[in-house]
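# Coordinate analysis (summary)
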Amino acid sequence: MTARILAVANQKGGVGKTTTAVNLAAALAQQGRRVLLVDLDPQANSTMGSGVRKGDLPASVYQVLLGDAGIPEARQRSEEGGFDVLPANRNLAGAEVELVHELAREARLKNALAQVEAEYDYVLIDCPPSLTLLTLNGLVAAQGVLIPMVCEYYALEGLSDLVNTLRKVRVAVNPRIEIIGLVRTMFDARSNLSQQVAEQLARHFGDKVFETVVPRNVRLAEAPSHGLPGVVYDPTSRGAQAYQALATELLQRLEPAPSSSQDRP
Ligand code: ATP
Ligand code: MG
């Protein structure tokens, strides 16, 4: 079986894309899955948050997108996280411009992943806060999209742009892509607004919304400064437990146990 490739995307900034990508990568690894985390953001937050030093990389996702390196040369190991990382650094900001005249520029990541897909159960792609060529590479490569949304008043703002982009990707290049689920992040149980928005999202999107709600939790925010995923940094924190539960829920959605009717004669 080849890898399930999932993009973590939302063009809104600061909604928990990177925190979700890094923690799911580590939580899926803890559950025995072979995981590659792809950092598609020039901010390189998921690279740093996985404990990979972006300063001394022989190659990065930038060279991979430009066709100057393959993923086997560029990937690094997050030792503590237990997963592989295709790292990013600032150079990636230039890829957007440099790829303009290249052929199949939206399919660069997809084509590069073909070489290593069989080595992984899951490939998670942390997208930047934009709907430009980098995110497009993520969406073209992916079979499914995870959309983190903050439980705040403006949560839905811009979601239609993402849904429209997904529709275009589906028609033009990637008919198989689907929304796997919306993840409610930074939930504040003491805030009425947070609760209202969380409920609204569940009503509006039905079973596309993951049951697991990720609380606002300072341990999740501290973890990257130690180069560790939150689920490794403080596994007993409420934030870590939420991401462990989210990973379990994701596995239930994507790897459903064979139905018992098949066991009967
Ligand atoms: P960008 O759009 O810039 O890539 P993002 O969508 O990847 O941002 P994150 O970087 O994951 O968002 O989160 C934004 C900030 O909020 C970070 O400082 C992160 O540590 C913090 N944060 C994320 N999730 C939580 C949480 N559940 N509780 C507390 N802090 C959080
Ligand atoms: Mg990010």
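Computed from a predicted model, the values in this text were never measured in an experiment.

### So, the overall build of the protein chain
Helix and strand counts for the protein chain stand at 12 helices and eight strands. What you see for the protein chain is a C-alpha radius of gyration of 18 Å, in line with the 18 Å of a compact globule of 265 residues. Dimensions along the principal axes, computed over C-alpha positions, put the protein chain at roughly 50 × 45 × 45 Å. Put simply, of all contacts in the protein chain between residues at least 6 apart along the chain, 79% involve residues at least 24 apart. Entry remark: accessible area of the protein chain is about 12,100 Å², with carbon and sulfur atoms responsible for 50%. The averaged location of the 29 negative side-chain charges in the protein chain is 4 Å from the averaged location of its 26 positive side-chain charges.

### Structural notes on the site of ligand 1
Not every one of the 18 residues close to ligand 1 is listed here, only the nearest: Lys17, Thr18, Thr19, Pro215 and Asn217. At 2.5 Å, a side-chain N or O of threonine 19 approaches an oxygen atom of ligand 1. In this structure, an oxygen atom belonging to ligand 1 sits 3.2 Å away from a side-chain N or O atom of glutamine 43. Out of a free accessible area of 620 Å², ligand 1 has 80% covered by protein chains. Here ligand 1 is seated within the largest pocket. Looking at the shell around ligand 1 element by element, the count peaks at three residues for helix H1 (residues 17-30). Considered class by class, the residues forming the shell around ligand 1 number seven nonpolar, seven polar and four charged.

### Thoughts on unusual backbone geometry
Located in the positive-phi region is alanine 44, a residue other than glycine, with phi close to 55 degrees. Take alanine 44: it is sitting in the loop between strand E2 (35-39) and helix H2 (45-49). Overall, the relative accessible area of 0% leaves alanine 44 in the buried class.

### Remarks on the packing of helix H7 (residues 133-141) against helix H8 (residues 159-172)
Contact geometry for H7 and H8: axes closest at 10 Å, N-to-C directions at 55 degrees. In terms of orientation, H7 and H8 fall into the oblique class. Of the two possible hands of crossing, H7 and H8 adopt the one that is right-handed. Taken together, the residues of H8 that come into contact with H7 (itself represented by Leu136, Leu139 and Val140) are Thr165, Leu166 and Val169.

### Overview of the pairing of strand E4 (residues 83-86)
Look at any regular strand and the pattern is simple: side chains alternate between the two faces of the sheet. Of the two faces of E4, the one holding Phe83 and Val85 and the one holding Asp84 and Leu86 are both buried throughout. Summarising the sheet, E2 and E4 pair through three bridges and their orientation is parallel. Counted as the bridge partner of valine 38 is leucine 86 from E4. The pairing of strand E3 (residues 76-78) with E4 spans three bridges and is classified as antiparallel. Bridge pairing in E4 links arginine 77 to aspartate 84.

### Comments concerning the side chain of serine 46
Turning to its location among the elements, serine 46 is positioned in helix H2. Note on serine 46: relative accessible area 0%, which makes it buried. Residues in contact with serine 46, not counting those within four places in the same chain, are Thr18, Val22, Leu37, Asp39 and Asp126.

### Considerations on the packing of H1 against helix H12 (residues 238-254)
At a minimum axis separation of 9 Å, H1 and H12 run at an interaxial angle of 70 degrees. In terms of orientation, H1 lies roughly perpendicular with respect to H12. Within the contact between the two elements, H1 uses Thr19, Thr20, Asn23, Leu24, Ala27, Leu28 and Gln30 and H12 uses Tyr243, Gln244, Leu246, Ala247, Leu250 and Leu251. Class assignment of the residues belonging to the contact of H1 with H12 gives a composition of eight nonpolar, five polar and no charged.

### A few points about the packing of aromatic side chains
Inspection of every chain in the model, using the stated rule, returns one aromatic pair. Ring plane angle 70 degrees and centroid distance 5.1 Å describe the contact between tyrosine 153 and tyrosine 154, whose orientation is recorded as edge-to-face. Its guanidinium or amino end placed over the ring of phenylalanine 210, arginine 253 lies 4.2 Å from that ring's centre, counting from NZ or CZ.

### Notes on the sheet that holds strand E7 (residues 178-187)
Within the open sheet, the eight strands sit side by side as E3-E4-E2-E5-E1-E6-E7-E8. Their pairing is mixed. Of all the strands in the sheet, just E3 and strand E8 (209-215) have a single pairing partner and so form its edges. Across the sheet, the mean angle from the axis of one strand to that of its neighbour is 25 degrees, orientation sign disregarded. Inspection of the sheet shows strand E1 (residues 4-8) paired to strand E5 (residues 122-126) by five bridges, in the parallel sense. Within the sheet, the bridge partner assigned to leucine 6 lies in E5 and is leucine 124. Taken strand by strand, H8 contacts strand E6 (144-150) and E7, and its axis lies near 175 degrees from that of E6. Set on the sheet, H12 makes contact with E1, E5, E6, E7 and E8; between it and E8 the angle comes to about 165 degrees.

Thresholds applied
Every residue gets a number counted from 1 within its own chain, in the order that chain's sequence is written. Just so you know, chain letters begin at A and ligand numbers begin at 1, following the order they were written in. Selection of residues for local features in this predicted model requires a pLDDT of at least 70, selection of side-chain atom pairs for listing and counting requires 80 or more, and totals for whole chains, interfaces and linings are taken over all residues. The basis for every side-chain value is the complete set of non-hydrogen atoms in the structure, without hydrogens or water. Only DSSP runs of H or I covering at least 4 residues are called helices, and only runs of E covering at least 2 are called strands; the numbering of each starts at the N terminus. Restricting the calculation to C-alpha atoms gives the radius of gyration, and the globule rule supplies 2.2 Å times the number of residues raised to the power 0.38. For this analysis, residues touch if any pair of their heavy atoms sits within 4.5 Å. Only the protein chains shown count as cover for residues, and all accessible areas are computed by the Shrake-Rupley method using a 1.4 Å probe. Charged residues are defined narrowly, with Lys and Arg counted positive, Asp and Glu counted negative, and His plus the chain ends left uncounted. Every charge is mapped onto a representative atom, which is NZ of Lys, CZ of Arg, CG of Asp or CD of Glu. In these notes, residues near a molecule or strand are those with any non-hydrogen atom within 4 Å of it. Any N or O atom pair separated by 3.5 Å or less is treated as a polar contact, with the protein-specific requirement of one donor-capable and one acceptor-capable atom, and with residues adjacent in sequence counted only for side-chain atom pairs. Points on a 1 Å grid over protein atoms alone make up a cavity when a 1.4 Å probe fits among them but cannot get out, and a pocket when they form an open set with protein on both sides within 12 Å along at least five of seven lines; lining residues each have an atom within 4 Å of a point. Here the criterion for a molecule occupying a pocket or cavity is that more than half of its atoms lie within 2 Å of the pocket grid points. The classification used treats Ala, Val, Leu, Ile, Met, Phe, Trp, Tyr, Cys and Pro as nonpolar, Asp, Glu, Lys and Arg as charged, and all other residues, Gly among them, as polar. Any residue under 20% of the maximum accessible area for its type is buried, any over 50% is exposed, and the rest in between are partly exposed; the area is computed with a 1.4 Å probe on protein chains only. Note on geometry: axes are lines fitted to C-alpha atoms, helical ones only across the stretch in contact, with angles between N-to-C directions running from 0 to 180 degrees. Convention used here: angles under 35 degrees read as roughly parallel, angles over 145 as roughly antiparallel, angles from 65 to 115 as roughly perpendicular, and any remaining angle as oblique. Handedness of each helix crossing follows the sense of rotation of the near helix against the far helix: counterclockwise by less than a right angle gives left-handed, clockwise gives right-handed. Strands are labelled as partners when DSSP assigns at least two bridges between them. Pairing of aromatic side chains here covers Phe, Tyr and the six-membered ring of Trp, requires ring centres within 6.5 Å, and sorts the geometry by plane angle: under 30 degrees stacked, over 60 edge-to-face, intermediate tilted. Distance and angle both matter: a charge sits over a ring if NZ of Lys or CZ of Arg is within 6 Å of the ring centre and within 35 degrees of the ring normal.

Function cannot be inferred from these measures alone, as they are strictly geometric.
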